[in-house]
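# Analysis of the macromolecular model
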Amino acid sequence: MVDLKGQYQDIKHSVDNAIQKVIDETSFINGPKVKEFQTNLENYLGVKHVIPCANGTDALQIAMMGVGLKPGDEVITADFTFAATVEVIALLGLTPVLVDVDPNNFNIDIECIKKAITPKTRAIVPVHLFGQCADMEAILKIAKDNNLFVIEDNAQAIGASYSFSDGSKAKAGTLGDVASTSFFPSKNLGCYGDGGAIFTNDDDLAHTIRGIVNHGMYKRYHHDVVGVNSRLDSIQAAVLDAKLPKLDSYNQARRNAAKKYNTAFRIHPNLVIPKSGTDCDNICDNCDCHVFHQYTLKLKNGDRDGLVAHLNAKGIPCGVYYPIPLHQQKAYKSKRYDEADFKVTNQLSKEVFSLPMHTELEDNQIDYIVNTIKEYLG
Ligand SMILES: *Cc1c(COP(=O)(O)O)cnc(C)c1O
């Protein structure tokens, strides 16, 4: 699905030097490189505070701890996402409230959020799925009207922009009260191990979170709150800092590949190409609303699993994100859910499949993938 080796060849010099420098300085934990990367990412995103941590799942958990959510609080999130999102809600003793998603952009459905709000609701966690922001303008309004926190799970959309109806723009992960991201190797900005970060524009919240990631410590050996140990190590920060200047061109390379896939599949009677932007299926050249963490199609009235098996047999990595809706997972089943409320996720889990998507995809590879699919589907 990704070609990390090809990408490395191009940045080998700067990555190797940056890693060597960390080793020479033996500044493996909390070294200067971590601070440098933090500052560079703050500038790139246009956000006041980036707090690095160990991975994207921790980032989400720490963000929830930071805003002070308490056991029993209800947190609304999408039924169609990676399990990490609901997992940390449950781990903190909060009550996950899964809701259905929009069939076109796969993101949390606004009307479903409204219906799910109760007096116990304290937060909404939109996941910017596959590289595209949820409908943040509507979500921020609901949150304001109902006094809720907005915690963005931005593991899949780093570098994407969101446009408000007044024409203003901001980067994914800087829109809500706080956001989390992951630097897992296959993410759009990936390191060579585990990594994550929390973003916020709120000075007080940033201070609280800086303590939480460090054992709840604000003054050495004074533990004011229950914290965790969650750090980004200096070698990972060095890799990320070498890659950050390339992020926009990496995301553009993904969009170029998506454009070619779109052109190939747009008129196929059974395939539905991913929608990007508010009202277009075209990916305009300057449009950075979608960074294609995944290129995800729907196969209508067909044998999705047969197609995926065929592609795999032909040497084409092809994934299904996500094959089982979270509300049907054993760990997250609840009497509060009614199958009738999950028509979209139930359908998507049967229809979606994701094609290889990375920064090094070549035209001949795309042609091979496209032709293999067209031959199979007829
Ligand atoms: C990858 C991912 C995470 C978790 O990130 P890790 O760094 O693997 O812990 C959380 N949420 C979403 C939507 C993700 O895609």
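Source: prediction; values computed, not measured. (Residues numbered from 1 in each chain as written. Predicted model: local features only at pLDDT ≥ 70, side-chain atom pairs only at ≥ 80, totals over all residues. Heavy atoms only, no water.)

Now for the packing of helix α3 (residues 56-66) against helix α4 (residues 84-91). Here α3 crosses α4 at 45 degrees, and the two axes come no closer than 9 Å. Regarding the angle of α3 to α4, the classification is oblique. Here α3 runs over α4; the crossing is right-handed. Residues Thr 57, Leu 60, Gln 61 and Met 64 of α3 lie in contact with α4, whose contacting residues are Ala 84, Thr 85, Glu 87, Val 88, Ile 89 and Leu 91. Taken together, the residues of the contact of α3 with α4 break down into six nonpolar, three polar and one charged. (Axes fitted to C-alpha atoms, helices over the stretch in contact; angles between N-to-C directions. Helix = DSSP H or I, 4+ residues; strand = E, 2+ residues; numbered from the N terminus. Parallel < 35°, antiparallel > 145°, perpendicular 65-115°, else oblique. Left-handed = near helix turned anticlockwise from the far one by under 90°. Contact = heavy atoms within 4.5 Å. Nonpolar A, V, L, I, M, F, W, Y, C, P; charged D, E, K, R; others polar.)

Quick look at the site of the ligand now. Neighbouring the ligand are 13 residues; Gly 56, Thr 57, Gln 156, Ser 182 and Lys 187 lie closest to it. Between Thr 57 and the ligand, the recorded distance is 2.5 Å, taken from a side-chain N or O atom to an oxygen atom. Interatomic distance of 2.7 Å between a side-chain N/O atom of Ser 182 and an oxygen atom of the ligand. Relative to its free-state accessible area of 380 Å², the ligand is covered by the protein chains to the extent of 91%. The set of elements that each furnish at least two residues to the shell around the ligand consists of α3 and α4. A class-by-class count of the residues in the shell around the ligand yields four nonpolar, seven polar and two charged. (Near = heavy atom within 4 Å. Polar contact = N/O pair within 3.5 Å; in protein donor to acceptor, adjacent residues only side chain to side chain. Areas by Shrake-Rupley, 256 points an atom, 1.4 Å probe, with all protein chains shown as cover.)

A separate point is the sheet that holds strand β5 (residues 149-153). The strand order across the open sheet formed by seven strands is β1-β9-β8-β5-β4-β2-β3, and the pairing between neighbours is mixed. This sheet does not close on itself; its edge strands, each paired only once, are β1 (49-53) and β3 (95-99). This sheet shows a mean twist of 25 degrees between the axes of neighbouring strands, independent of strand direction. Bridge analysis of β1 against strand β9 (residues 196-200) gives five bridges, and the strand direction is antiparallel. What sits directly across from Cys 53, in β9, is Gly 196. Sitting on the sheet, α3 touches β1, β4 (121-125), β5, β8 (178-182) and β9, and the angle it makes with β8 is about 165 degrees. Packed on one face of the sheet, helix α7 (residues 203-212) meets β1, β8 and β9 and runs near 15 degrees to β1. (Pairing = 2+ DSSP bridges.)

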